[in-house]
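Report on the structure
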Amino acid sequence: MTTLARWRAAKETETGKQERRPYLASECRDLGQCEKWRLEIIREISKKVAQIQNAGLGEFRIRDLNDEINKLLREKRHWENQISDLGGPHYRRYGPRMFDAEGREVPGNRGYKYFGAAKDLPGVRELFEQEPPPPPKKTRAELMKDIDADYYGYRDDDDGILLPLEEKAEKLAIQRAVEEWNSAKGAQKTSEKEDDEPDIYGSDAYITRDPEQQTKEDPMGLLGPRFTAHVPVPSQKDIEAALLKKRKQELMKKYGIEDDE
């Protein structure tokens, strides 16, 4: 077919019968001529699509070829509309479907398209990489299907692994607590021994009203320091009684109550 097309083109050139495709499809009113120009455009598109498959042409040449293919596609669409207006078949309605690299049908046939090596150009590959759809959300009823006794941990002790581990950890915790208590108790006893000094001022052992009575009660008291009280020393109970009586008198005087005693 290629040889035949070249021979026909050469013959038309020799005879001067080579026709030029009209710039506007609306200028052609012959249905047969419109079909002829449409097939010519399809052959040009096929030729350029075969050329653009070569990735070694370079980025600029690949972009130019892709632009030319899109321009021819737009021109083919104009001729198909003209054929439809003249009463011919509706090619756009029954045209072939377009598929992507994974075999999925491309929705719609409009817009700028990429062919062959143009799909791998910088900035173009990202257009074809679609984000995966988000996982569907489960309803409450679907979530409740997976909830059982294991979800709440009711059967965690049935595996025979958790109980020995808990017993071991419990023994270690008890042993550590006992050691801490013993060390704290030993430190407390040591501090009490260091602070255990005789209180010669707060005790009544060395304060007597009569030295002879002190000798009778404590024969070894003569060896220690002797304190002689020249005045009566009140006891703790006497002091508390005096303070209570004084406080009572102050309250009675404050509220104007006479003392009957």
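Cut-offs applied
Residues numbered from 1 in each chain as written. Predicted model: local features only at pLDDT ≥ 70, side-chain atom pairs only at ≥ 80, totals over all residues. Heavy atoms only, no water. Helix = DSSP H or I, 4+ residues; strand = E, 2+ residues; numbered from the N terminus. Expected span 1.5 Å × (residues − 1). Phe/Tyr/Trp six-rings, centres within 6.5 Å; stacked < 30°, edge-to-face > 60°. Buried < 20%, exposed > 50% of the residue type's maximum accessible area, 1.4 Å probe, protein only. Patch = residues over 30% accessible without salt bridge, like charges linked within 9 Å, V, L, I, M, F, W, Y side chains within 5 Å. Areas by Shrake-Rupley, 256 points an atom, 1.4 Å probe, with all protein chains shown as cover. Salt bridge = Lys/Arg side-chain N within 4 Å of Asp/Glu carboxyl O. Polar contact = N/O pair within 3.5 Å; in protein donor to acceptor, adjacent residues only side chain to side chain. Contact = heavy atoms within 4.5 Å. pLDDT = per-residue confidence, 0-100. Lys, Arg positive; Asp, Glu negative; His and termini not counted. Charge placed at Lys NZ, Arg CZ, Asp CG, Glu CD.

Quick look at helix α9 (residues 236-254)
When the terminal C-alpha atoms of α9 are compared, their 27 Å separation across 19 residues agrees well with the 27 Å that a helix rising 1.5 Å per residue should span. Looking at the residues trailing α9, positive phi occurs at Gly-256, about 70°.

Some details on the packing of aromatic side chains
Counted according to the given criterion, the structure contains one aromatic pair. Between Tyr-112 and Tyr-114, the aromatic rings sit 5.1 Å apart at their centres with planes inclined by 70°, giving edge-to-face as the arrangement. By relative accessible area, Tyr-112 is classed as partly exposed at 43%. For Tyr-114, a relative accessible area of 24% puts it in the partly exposed group.

Section: a nonpolar patch on the surface
A surface patch of nonpolar side chains, about 450 Å² in accessible area, is lined by Tyr-151, Tyr-152 and Tyr-154. Relative to the assigned elements, Tyr-151 resides in helix α6 (residues 149-152). When its relative accessible area of 57% is taken as the criterion, Tyr-151 is described as exposed.

Digging into the side chain of Asn-66
Along the chain, Asn-66 turns up in helix α3 (residues 59-85). For Asn-66, the side chain forms a polar contact with the side chain of Tyr-112, separated by 3.0 Å. Setting aside chain neighbours within four positions, we find Asn-66 in contact with Ile-52, Tyr-112, Lys-113, Tyr-114, Phe-115 and Ala-118.

Section: the confidence of the model for the chain
For the chain, the mean per-residue pLDDT works out to 76, and 73% of the residues sit at or above 70. A low-confidence stretch, residues 200-209 (pLDDT under 50), is modelled with 11 contacts involving residues beyond four sequence positions or located in other chains.

Quick word on a negative patch on the surface
On the surface, Asp-156, Asp-157, Asp-158, Asp-159, Glu-166, Glu-167 and Glu-170 cluster together into a negatively charged patch. Relative to the elements of secondary structure, Asp-156 occurs in the loop between α6 and α7 (162-194). Looking at Asp-156, the relative accessible area reads 40%, which means it is partly exposed.

Describing the side chain of Lys-76
One can find Lys-76 in helix α3. Relative accessible area serves as the criterion here: at 17%, Lys-76 is assigned to the buried category. Within the local environment of Lys-76, its side chain forms a polar contact with the side chain of Glu-80, the two groups lying 2.9 Å apart. Setting aside its immediate chain neighbours within four residues, Lys-76 contacts Arg-38, Ile-41, Ile-42 and Ile-45.

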